[in-house]
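Below are the chains, spelled out letter by letter.
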Amino acid sequence: MKLYKKILFIIILLIVYIYVCNISMLPNNIILMQGDLLKLNTIFGVNIKGNETMQASSNLNNSIVAETGKMDLNLSLFNIFGVKDVTVNVIPKTKVIPIGKAIGMKMYTEGVLVVGMSEIEGQKPYEKTGIEAGDKIIEINKNEINSTDELIECVNNSNGKELEIKYISDEKEEYTNIIPVKTANNEYKLGLWVRDAAAGVGTLTFYEPSTGSFGALGHGINDVDTYELIDIASGELVTTNIVDIVKGMDGSPGEIRGSIDNGVTIGSINKNTGFGVYGNVKNISRLNLTNQEEMDVANRSEIKTGKAEILCELENGKIEKYEIEIQKIFIDNNENNKSMLLKVTDEKLLEKTGGIIQGMSGAPIIQNGKFIGAVTHVLVNDSKVGYGVFADLMIKQMREVK
């Protein structure tokens, strides 16, 4: 009898654990586009209701949201116990101008990013400080650090005295102390390799006339050393000059090679996210939008497998349309930027690039006269095939407060 009680107790604990896990994994805040399906992955017994203004008597899960604005949802267990509140922000459907223009990006971090370590005169001054690659140094001896030059100056002015370092690690502010090492050249070093900026070439996806905002890339920019998403303080969107196209092959992705050394500023970058880079256009004349029209942003439910097209610039000043085929749609995917499986079918594009190449990330995808997404990745073992991100995910990221 005791054994049965133990088994029953374990089963009850397991059921409680499953319910707790399901509820805790549900987001506290959701952004939807008008016309989206409100879909929360709940289990039996967890009911979702709106507040008094949202017809509290009805379960809103798996319903299409028609009204814009803020919606407060209450999650309850068997309509008896309140277990969680969820805030839903419904943004209005919008129109954008798909671009497809090759652009350059310059991004600057808050503080300086630590990208590696090395011994100085056989010593490791960074040992036992807690500082690791991927951390950001923001202050030395209470002096704000905004660039590598400022860090070098502070360290050299120390004359070897212990320095107090304020840095950010895993989004938390930390403090440590470090004693610089004097080199044979009479300079003082910490043994830390740091960087304060990053730059690259990609494709400008869209411009939203109603807000003056832009979206680009469809994926974020990661640091080449730490492989982590760069947390930026500011950035610039600049013109680029395409200097070469390296054709891709199976097992060897190609690339668009461009120069941004003499690039003219188009706008400012304020967000670098896993679903793209976003900001505001300041110099709209540089986008040459004379012959490009606004179009609706599609809800993902409107996207179909089959023919579509992308816009891409492979020659300076010449944006062209190329045919692709959407092979699969991962309609419930909100976790990453691999929303659709794509295949390049346009013979002209295959001749030029071999398929999808680096620098084409952000090329807008259009189907049935609507903007449905952007190219994000290429499959290394098949350069004709890659992934795209849903347009609604890019718009939601752009709307989300930084």
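Above this text you will find the structure in question.
Note that the structure is predicted; figures quoted are calculated from it, not measured.

Analysis parameters
Residues numbered from 1 in each chain as written. Predicted model: local features only at pLDDT ≥ 70, side-chain atom pairs only at ≥ 80, totals over all residues. Heavy atoms only, no water. Helix = DSSP H or I, 4+ residues; strand = E, 2+ residues; numbered from the N terminus. Contact = heavy atoms within 4.5 Å. Areas by Shrake-Rupley, 256 points an atom, 1.4 Å probe, with all protein chains shown as cover. Lys, Arg positive; Asp, Glu negative; His and termini not counted. Charge placed at Lys NZ, Arg CZ, Asp CG, Glu CD. Core = buried A, V, L, I, M, F, W, Y, C linked by side-chain atoms within 4.5 Å. Buried < 20%, exposed > 50% of the residue type's maximum accessible area, 1.4 Å probe, protein only. Polar contact = N/O pair within 3.5 Å; in protein donor to acceptor, adjacent residues only side chain to side chain. Pairing = 2+ DSSP bridges. Axes fitted to C-alpha atoms, helices over the stretch in contact; angles between N-to-C directions. Phe/Tyr/Trp six-rings, centres within 6.5 Å; stacked < 30°, edge-to-face > 60°. Patch = residues over 30% accessible without salt bridge, like charges linked within 9 Å, V, L, I, M, F, W, Y side chains within 5 Å. Salt bridge = Lys/Arg side-chain N within 4 Å of Asp/Glu carboxyl O.

On to the overall build of the protein, then. Each helix and strand counted, the protein has four helices and 27 strands in total. A principal-axis box enclosing the C-alpha atoms of the protein has dimensions of 75 × 70 × 40 Å. Looking at the protein alone, contacts between residues at least 24 apart form 66% of all its contacts between residues at least 6 apart. Just so you have it, the protein exposes about 20,900 Å², and 49% of that area is on carbon and sulfur atoms. Across the protein, the 41 positively charged side chains and the 52 negatively charged ones have centroids separated by 6 Å.

Before going further, it helps to examine unusual backbone geometry. Despite not being glycine, glutamate 121 has its phi angle at roughly 50°, a positive value. Inspection of the secondary structure assignment puts glutamate 121 in the loop between strand S7 (95-117) and strand S8 (136-140). A positive phi angle, close to 70°, is found at lysine 142, a residue other than glycine.

Core analysis: the biggest nonpolar cluster contains 43 residues, and Phe206, Ile310, Met340, Ile365 and Ile395 have the highest contact counts within it. The next biggest cluster of nonpolar side chains, apart from the first, holds 21 residues, and it includes Ala198, Ile230, Leu237 and Ile269.

A separate point is the environment of aspartate 392. By the secondary structure assignment, aspartate 392 is in helix H4 (residues 391-399). On the basis of relative accessible area, aspartate 392 is assigned to the buried category, the value being 1%. Residues aspartate 392 and lysine 93 lie 299 residues apart in sequence; the distance between their C-alpha atoms is 9.3 Å. When neighbours within four sequence positions are excluded, aspartate 392 is seen to be in contact with Met33, Asp36, Val297, Ala298 and Arg300. Of the polar contacts made by the side chain of aspartate 392, one reaches the side chain of arginine 300; its length is 3.1 Å.

Read around the closed barrel, six strands run S22-S23-S24-S27-S26-S25, paired in antiparallel fashion. In this sheet, neighbouring strand axes are inclined to one another by 45° on average, regardless of whether the strands run parallel or antiparallel. Pairing analysis gives six bridges linking strand S26 (residues 370-379) to strand S27 (residues 382-390), with the strands arranged antiparallel. Across the sheet, histidine 377 pairs through a bridge with tyrosine 387, a residue of S27.

The next subject is the environment of threonine 203. Tracing the backbone through its elements, the reader meets threonine 203 in strand S14 (residues 192-208). For the pair threonine 203 and glycine 359, spaced 156 residues apart in sequence, the C-alpha separation works out to 6.3 Å. Dropping the residues within four chain positions of it, threonine 203 is found in contact with Gly100, Lys101, Ala102, Ile103, Ala216, Leu217, Gly359, Met360, Ser361, Gly362 and Ala363. A polar contact is formed between the side chain of threonine 203 and the backbone oxygen of glycine 359, at a distance of 2.7 Å.

Read across the sheet, four strands follow the order S1-S6-S5-S3 without closing on themselves; strand pairing throughout is mixed. A strand with exactly one partner marks an edge of an open sheet, and here the two such strands are strand S1 (29-33) and strand S3 (46-50). Here the average twist between neighbouring strands, direction ignored, is 30°. Sheet topology note: the S3/strand S5 (residues 69-77) ladder contains five bridges and is antiparallel. Following the sheet pairing, lysine 49 is matched in S5 by asparagine 74. Across the sheet, H4 touches S1 and strand S6 (81-91), and the angle it forms with S1 is around 125°.

So, about the packing of aromatic side chains. Counting across every chain of the model gives one aromatic pair. Taking the centre distance of 5.5 Å and the plane angle of 55° together, the rings of phenylalanine 206 and phenylalanine 371 count as tilted. Note that phenylalanine 206 is positioned in strand S14 and phenylalanine 371 in strand S26, a separation of 165 residues in sequence. Residue phenylalanine 206 shares its accessibility class with phenylalanine 371, and that shared class is buried.

Okay, H4 next. Counting buried residues along H4, eight of its nine residues qualify, which places the element largely inside the surrounding structure. Considered for burial, the residues of H4 that qualify are Ala391, Asp392, Leu393, Met394, Ile395, Lys396, Gln397 and Met398.

The grouping of Leu3, Tyr4, Ile7, Ile11 and Ile15 at the surface amounts to a nonpolar patch, some 520 Å² of accessible area in total. You can see isoleucine 15 is positioned in helix H1 (residues 2-25). A residue is classified by how much of its surface remains accessible, and isoleucine 15, at 43% relative accessible area, is partly exposed.

So, about the pattern of salt bridges. Applying the stated criterion across every chain, the model contains 20 salt bridges. In this structure, lysine 95 engages aspartate 296 in a salt bridge whose closest nitrogen and oxygen atoms are separated by 2.9 Å. Of this pair, lysine 95 sits in strand S7 while aspartate 296 sits in strand S21 (residues 295-296); the two residues are 201 residues apart in sequence, bridging distant segments of the chain. Close ionic contact of glutamate 302 with lysine 370 constitutes a salt bridge, the shortest N to O distance being 2.3 Å.

Here we take up the pairing of strand S25 (residues 364-367). Consecutive residues of a regular strand have side chains that alternate between opposite faces of the sheet. Alternating positions in S25 separate into two faces, Pro364 and Ile366 on one and Ile365 and Gln367 on the other, with burial throughout. When strand S22 (residues 306-315) meets S25, the two strands line up antiparallel, connected through two bridges. Directly across from isoleucine 310, in S25, lies its bridge partner isoleucine 365. With four bridges joining them, S25 and S26 adopt antiparallel strand pairing. In the sheet register, proline 364 faces S26, and the bridge partner there is alanine 374. Connecting S25 to the next strand, S26, in antiparallel fashion are two residues, including asparagine 368 with a positive phi near 50°.

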